[in-house]
Amino acid sequence: METLKELFEETLKDVYFAEKTIVKSLPKMAKKAKSPELKRAFEEHTEQTKGQVERLDEIFKLIGKRASGKKCPALMGLVEETEELMGEVKDPQVLNAGLIGCAQAVEHYEIARYGTLRAWAEQLEMPKAVKLLEATLAEEKTTDEKLTKLALGRINRAADEDTKAPAAKRATAKPATAKPAAPKTKSTSPAKGKVKAASSGPATRSAKTPARKK
Ligand code: FE
Ligand code: FE
Ligand code: FE
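Predicted model only: the values in this text are computed from it and were never measured.

Asks: Tell me about the overall build of the protein, and name the residues and values.
Replies: The secondary structure content of the protein amounts to 8 helices and 0 strands. Counting only residues that meet the buried cut, the protein has 32% of its 214 residues in that class. Once local pairs closer than 6 in sequence are excluded, the contacts in the protein between residues at least 24 apart make up 78%.

Quick look at the structure:
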């Protein structure tokens, strides 16, 4: 690889592989999600992702190359982490929080890649490619923000309440529908700290995101 154009092509293949993989992994996450809104968010983004693959097809056409993917170890690692989580976490509320965290890791990878590709396309004077890459970049950012809102709106809190509930109570609680019987104590028990650390993605971003509207 000697030129920026070649680097652009290689990275295009990287995201092509990533998007194709995401089209398969998002439905699995939707199936596992225990919150209807989260399920819907994953389903909607699956459809969006199919459109993103088509945009990449167009860009390959623009550069006169056959659309093809190149294995992206980074994304495969993120998918592996997601699968691990889905196999390990039994508590439905905690699983929801974990799924958001995994999904956001993927969105951030995509945001990084598309941001770079857009900049390179600009440098290479490919205005059509810039437009296509920008459209996808905007969708990834919106998805990331939507997930942050879902996490901060209820899902992280629900996961935390569940963790704090006495074991006996938890065993009899209805898993998916159990509403957090929220005793609004501002305790900073170790349990709370633990869950917060697990969802530090959305929580950190809250500083920049305006307070959720209720
Ligand atoms: Fe994508
Ligand atoms: Fe990659
Ligand atoms: Fe995405």
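Let us keep going from here.
Asks: I'd like to hear about the confidence of the model for the protein, residue by residue, with values.
Replies: Here the protein shows a mean pLDDT of 85. Residues at 70 or above account for 76%. Between residues 184-214, whose pLDDT stays under 50, and residues either more than four places distant or in other chains, the model counts 33 contacts.

Asks: Give a description of the environment of E107 that names residues and reports values.
Replies: With respect to the element layout, E107 can be found in helix α4 (residues 92-123). Setting aside its immediate chain neighbours within four residues, E107 contacts E140, T143 and D144.

Asks: Explain the packing of helix α1 (residues 4-32) against helix α2 (residues 36-62) to me, using residue names and the numbers behind them.
Replies: A pair of packed helices is characterised by two quantities: the angle between their axes and the separation of those axes. Between α1 and α2, the least distance of the axes is 9 Å, while the angle of their chain directions is 160°. Our classification of the angle between α1 and α2 gives roughly antiparallel. In this structure, α1 crosses over α2, and the sense of that crossing is left-handed. Contacts between α1 and α2 involve L12, V15, Y16, E19, K20, I22, V23, L26, P27, M29 and A30 from the first element and K39, F42, E43, H45, T46, T49, K50, Q52, V53, L56, I59 and F60 from the second. Looking at the contact of α1 with α2, its residues break down into 14 nonpolar, 4 polar and 5 charged.

Asks: Explain the environment of L38 to me, and be specific about the residues and the numbers.
Replies: With respect to the secondary-structure elements, L38 resides in helix α2. Spatially, the C-alpha atom of L38 lies 7.7 Å from that of N96, the residues being 58 residues apart in sequence. If sequence neighbours within four positions are ignored, L38 has contacts with A33, N96, L99, I100, L150 and I155.

Asks: Can you break down helix α3 (residues 73-88) residue by residue, with the values?
Replies: One full turn of an α-helix is made of 3.6 residues, so residues set three or four places apart face in the same direction. Taking 1.5 Å as the rise per residue, α3 with 16 residues should run 22 Å; its terminal C-alpha atoms sit 22 Å apart, in good agreement. Contacts from the buried residues of α3 go to α1 and α4.

Cut-offs and rules
- Residues numbered from 1 in each chain as written.
- Chains lettered and ligands numbered in written order.
- Predicted model: local features only at pLDDT ≥ 70, side-chain atom pairs only at ≥ 80, totals over all residues.
- Helix = DSSP H or I, 4+ residues; strand = E, 2+ residues; numbered from the N terminus.
- Buried ≥ 20, exposed ≤ 12 C-beta atoms within 10 Å, placed from the backbone.
- Contact = placed C-beta atoms within 7 Å.
- pLDDT = per-residue confidence, 0-100.
- Axes fitted to C-alpha atoms, helices over the stretch in contact; angles between N-to-C directions.
- Parallel < 35°, antiparallel > 145°, perpendicular 65-115°, else oblique.
- Left-handed = near helix turned anticlockwise from the far one by under 90°.
- Nonpolar A, V, L, I, M, F, W, Y, C, P; charged D, E, K, R; others polar.
- Expected span 1.5 Å × (residues − 1).

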